[in-house]
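What the coordinates show
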Amino acid sequence: MRIGKQDAPFTAISTADAASITVRGRDLCKELIGRIDFCDYFFLLLMGTMPTPDQRFFVNALLVAIAEHGLVPSVQAARMTYAAGPEAIQGAVAAGLLGSGSVVFGSGEVAGRFLHELVAANADAASVAERIGEMRAKKTPIPGFGHPQHAGGDPRANVLLELARERGLDGPYIRMLHTVASVLPEALGRALPININGAIPAILLEIGFPLSALKSISILARTAGLLAHLREEAERPIGFVLSHAAAEAITYDGEKAKA
């Protein structure tokens, strides 16, 4: 049975023959290996072109900003998985990445779509406030704002937005991010700081990333962080400590077994 569209059997990323490997129209061995860094190569693979100086700068900055943030759920999942199956580090990495959803480190994609919708609608402060009011009525979180730990402001977001200001990155997405922040106190009833998952998609959209690629930065960066945690897990294991702490923290409130 044929499933989905099957009328475009092409790829523009890579091909190889007996003598060479071509990646995005460039000879891997003659033009890329030893000639560009991994950030440029990632951008080339993803976007099909080499980055501009601003694109290179911000992709590097964003990857550094999001790679590590302690024992977050994705890290705990990875370390406990590794503790249970140390023969398969790839499974532990996968376990951590599978948590890239709308709540934790995949939430930048949600924030990016939110900003994109507002920019596409050419929303002004009044219409943004109306949208926030509708979200408040439905108890929908405002993506890209607030943080359970950094209540006074996400320091990562602050430095990224300051870098954007210093380099003259002041397009519609960053302006919309600040517009949302400015209307929150009245529309929501309280101020919320811009968090890392608000700053990252705003900057990525400004430098030309498509919506479909927003989550790629977080996935790539957190893979590096997960690998660091798994190396430590191999030498100083805490996976079962995490598991035991979870079991101790949760109280059973189901029915008691009948005697």
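For the structure given in this document, a descriptive report is provided here. (Residues numbered from 1 in each chain as written. Predicted model: local features only at pLDDT ≥ 70, side-chain atom pairs only at ≥ 80, totals over all residues. Heavy atoms only, no water.)

Turning our eyes to something else, we now look at the sheet that holds strand β1 (residues 14–16). With antiparallel pairing, three strands are arranged side by side in an open sheet as β1-β2-β3. With one partner strand each, in any of the chains shown, β1 and β3 (26–27) form the two edges of the open sheet. Where β1 meets strand β2 (residues 21–23), three bridges bridge the pair, whose relative direction is antiparallel. Note on β2: the bridge partner recorded for Ala16 is Ile21. (Pairing = 2+ DSSP bridges. Helix = DSSP H or I, 4+ residues; strand = E, 2+ residues; numbered from the N terminus.)

Mapped onto the fold, Glu233 is located in helix α11 (residues 214–235). Residue class for Glu233 comes out buried when judged on its relative accessible area of 3%. There is a polar contact of 2.6 Å between the side chain of Glu233 and the side chain of Arg79. Setting aside residues no more than four positions away along its own chain, Glu233 makes contact with Arg79, Tyr82, Ala83, Ile238 and Gly239. (Buried < 20%, exposed > 50% of the residue type's maximum accessible area, 1.4 Å probe, protein only. Polar contact = N/O pair within 3.5 Å; in protein donor to acceptor, adjacent residues only side chain to side chain. Contact = heavy atoms within 4.5 Å.)

Looking at the element boundaries, Glu206 is found in helix α10 (residues 196–206). Within the buried core, Glu206 has no salt-bridge partner, and the shortest N-O distance to an opposite charge, that of Arg175, equals 6.3 Å. Setting aside residues no more than four positions away along its own chain, Glu206 makes contact with Leu169, Gly171, Pro172, Tyr173 and Ile174. (Lys, Arg positive; Asp, Glu negative; His and termini not counted. Salt bridge = Lys/Arg side-chain N within 4 Å of Asp/Glu carboxyl O.)

Before going further, it helps to examine helix α8 (residues 155–166). Helix length check: α8 (twelve residues) gives 16 Å between terminal C-alpha atoms against 16 Å at 1.5 Å per residue, within 8%. Residues of α8 that are buried: Arg156, Ala157, Leu160, Leu161 and Ala164. Considered in projection along α8, the buried side chains sweep an arc of 120 degrees and stay on one side of the axis. Exposed and facing more than 90 degrees away from the buried side of α8 are Arg165 and Glu166. Along its buried surface, α8 packs onto α3 (53–66), α9 (172–188) and α10. Among the residues trailing α8, Gly168 stands out with phi positive, at a value near 75 degrees. (Expected span 1.5 Å × (residues − 1). Arc of directions from axis to C-beta.)

Within this structure, the stated rule accounts for two aromatic pairs. With centroids separated by 5.8 Å and ring planes inclined at 65 degrees, the aromatic side chains of Phe43 and Phe209 adopt a geometry described as edge-to-face. Residue Phe43 is located in helix α2 (residues 38–47), and its partner Phe209 is located in the loop between α10 and α11; the two are separated by 166 residues in the primary sequence. In this pair, the class of Phe43 matches that of Phe209, namely buried. Judged by centre distance (5.1 Å) and plane angle (90 degrees), the ring pair of Phe57 and Phe58 falls under edge-to-face. A relative accessible area of 0% places Phe58 in the buried class. When the ring centre of Phe57 is taken as origin, the NZ or CZ atom of Arg167, which lies over that ring, is 3.9 Å away. (Phe/Tyr/Trp six-rings, centres within 6.5 Å; stacked < 30°, edge-to-face > 60°. Lys NZ or Arg CZ within 6 Å of the ring centre and 35° of its normal.)

Formed by 50 residues in total, the largest nonpolar core has its most connected members in Val59, Ile132, Ile142, Leu160, Val180, Phe209 and Ile217. Elements with a contribution of two residues or more to this core: α2, α3, α6 (107–120), α7 (125–137), α8, α9, α10 and α11. With nine residues, α9 is the single largest residue contributor to this core. Not counting chain neighbours up to four residues away, the residues in contact with Ile217 comprise Phe42, Val59, Leu62, Leu63, Ile66, Leu204 and Phe209. Among the nonpolar cores identified, the runner-up in size contains eight residues, and Val72, Val75, Tyr82 and Leu226 belong to it. (Core = buried A, V, L, I, M, F, W, Y, C linked by side-chain atoms within 4.5 Å.)

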